[in-house]
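Given next are the chains, with one letter for each unit.
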Amino acid sequence: MHRGGRSFGHGRGFGGRHGRGDGGGRGSRRRMFDSGELRLVLLKLIADEPRHGYDLIRRIEELTGGAYAPSPGVIYPTLTLLDDMGQISARQSEGAKKLFAITPEGQAELDANRDLVDALIARLTEVGEERQRTDGGSVRRAMGNLRQVLLNRLGDRDIDEAVLHQVVALIDEAAQKIERL
């Protein structure tokens, strides 16, 4: 779930390419950013310090604690748009890499949307904090162990229906006990 997202509160959720969101019910999916939001996040990160496209991807991944990393197919067209709009400027550095810096027009756009930008950065940070709280190694190990046992046991061709019902009952019971903790 390297690129998946988690709920970020306020009744909304989002998912990356492999993510889950809680925005429209269990298992619903939506994009990480609504229209124009990624553009503002990139402007903010570039305003903080000039960056390469790859640096922007990694910084967003850091903010979300690894829960989401935008793809180059999303980042680079948005950078091109920002450049075309005159809000960032690109200059060559380190071979073919472009280093992006904010322009006065970009800073004005950022200033005009300060509250939204602050909320977006807070939302990304909250995703990272949520992931840290809920993504413990011991829980992943236990879930992997359960998965493997289930695959082995349920993979038997001669498993009878009574055993299958017992397995389902045990899983349901464990889920109920965890929910009551």
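Definitions and limits used
Residues numbered from 1 in each chain as written. Predicted model: local features only at pLDDT ≥ 70, side-chain atom pairs only at ≥ 80, totals over all residues. Heavy atoms only, no water. Helix = DSSP H or I, 4+ residues; strand = E, 2+ residues; numbered from the N terminus. Buried < 20%, exposed > 50% of the residue type's maximum accessible area, 1.4 Å probe, protein only. Contact = heavy atoms within 4.5 Å. Salt bridge = Lys/Arg side-chain N within 4 Å of Asp/Glu carboxyl O. Core = buried A, V, L, I, M, F, W, Y, C linked by side-chain atoms within 4.5 Å. Phe/Tyr/Trp six-rings, centres within 6.5 Å; stacked < 30°, edge-to-face > 60°. Pairing = 2+ DSSP bridges. Arc of directions from axis to C-beta. Axes fitted to C-alpha atoms, helices over the stretch in contact; angles between N-to-C directions. Parallel < 35°, antiparallel > 145°, perpendicular 65-115°, else oblique. Nonpolar A, V, L, I, M, F, W, Y, C, P; charged D, E, K, R; others polar.

**Q** For this particular structure, what's the right way to read the overall build of the chain?
**A** Assigned secondary structure in the chain consists of 7 helices and 2 strands. When the helices and strands of the chain are listed from N to C terminus, the series reads α-α-α-β-β-α-α-α-α. The burial tally for the chain puts 34% of its 181 residues in the buried class. Sequence-distant contacts in the chain: of pairs separated by 6 or more residues, those separated by 24 or more amount to 50%.

**Q** Sorry if this is basic, but what is going on with the pattern of salt bridges here?
**A** Side-chain pairs of opposite charge can arise whenever the charged atoms involved come near each other. Tallying each qualifying case throughout the model produces 8 salt bridges. The partner of Glu61 in a salt bridge is Arg58, with the nearest N and O atoms 2.2 Å apart. One end of the pair is Glu61 and the other is Arg58, both in helix H2 (residues 53-63) and 3 residues apart, which spans about a single turn. When its relative accessible area of 12% is taken as the criterion, Glu61 is described as buried.

**Q** Is there a simple way to think about the nonpolar core in this case?
**A** Buried together is how nonpolar side chains tend to be arranged in soluble globular proteins. Within the largest apolar cluster, 25 residues are counted, with the highest numbers of intra-cluster contacts made by Val41, Leu42, Ile60 and Leu79. Within the residue set of this core, elements represented by two or more residues are helix H1 (37-48), H2, helix H3 (72-84) and helix H5 (114-134). In terms of residue count, the dominant contributor to this core is H1 (7 residues). With sequence-adjacent residues up to four places away left out, Val41 is seen in contact with Phe33, Ile60, Leu120, Ile121 and Leu124.

**Q** Honestly, the packing of aromatic side chains in this entry has me stumped. Any pointers?
**A** Each pair of aromatic rings is reported with the distance of its centres and the angle of its planes. Counted under the stated rule, the structure contains 1 aromatic pair. Judged by centre distance (6.3 Å) and plane angle (80°), the ring pair of Phe33 and Tyr68 falls under edge-to-face. Of the two residues, Phe33 is situated in the segment before H1 and Tyr68 in the loop between H2 and H3; the sequence distance between them amounts to 35 residues. A residue is classified by how much of its surface remains accessible, and Tyr68, at 8% relative accessible area, is buried.

**Q** Looking at this structure, I do not really get the pairing of strand E2 (residues 98-102). What am I missing?
**A** On a regular strand, one side chain projects to one face of the sheet and the next to the other, so that they alternate. Sheet topology places strand E1 (residues 88-92) next to E2; 5 bridges connect them, and they run antiparallel. Within E2, the residue paired with Ser89 across the bridge is Ala101. Between the antiparallel neighbours E1 and E2 lie 5 residues, among them Glu94 with a positive phi of about 45°.

**Q** How should H2 be read in this particular structure?
**A** For the α-helix, the turn length of 3.6 residues means that residues three or four positions removed from each other point alike. Taken as a whole, H2 has its buried residues at Gly53, Leu56, Ile57, Ile60, Glu61 and Leu63. Taken end-on, H2 shows its buried residues confined to a sector of 165°, consistent with a single buried face. Buried residues along H2 sit in contact with H1, H3, E2 and H5. Phi turns positive one or two residues past the end of H2, at Gly65, with a value near 60°.

**Q** What is the right way to look at the packing of H1 against H2 in this model?
**A** Axes are the key here: two packed helices are described by the angle between their axes and the distance separating the axes. Relative to each other, H1 and H2 sit at 100°, their axes nearing to 11 Å. Accordingly, the angle class assigned to the pair H1 and H2 is roughly perpendicular. Each of Leu38, Val41, Leu42, Leu45 and Ile46 in H1 lies in contact with H2, whose residues at this interface are Leu56, Arg59, Ile60 and Leu63. Taken together, the residues that form the contact of H1 with H2 break down as 8 nonpolar, no polar and 1 charged.

Functional significance is not addressed by these values, which are geometric in nature.
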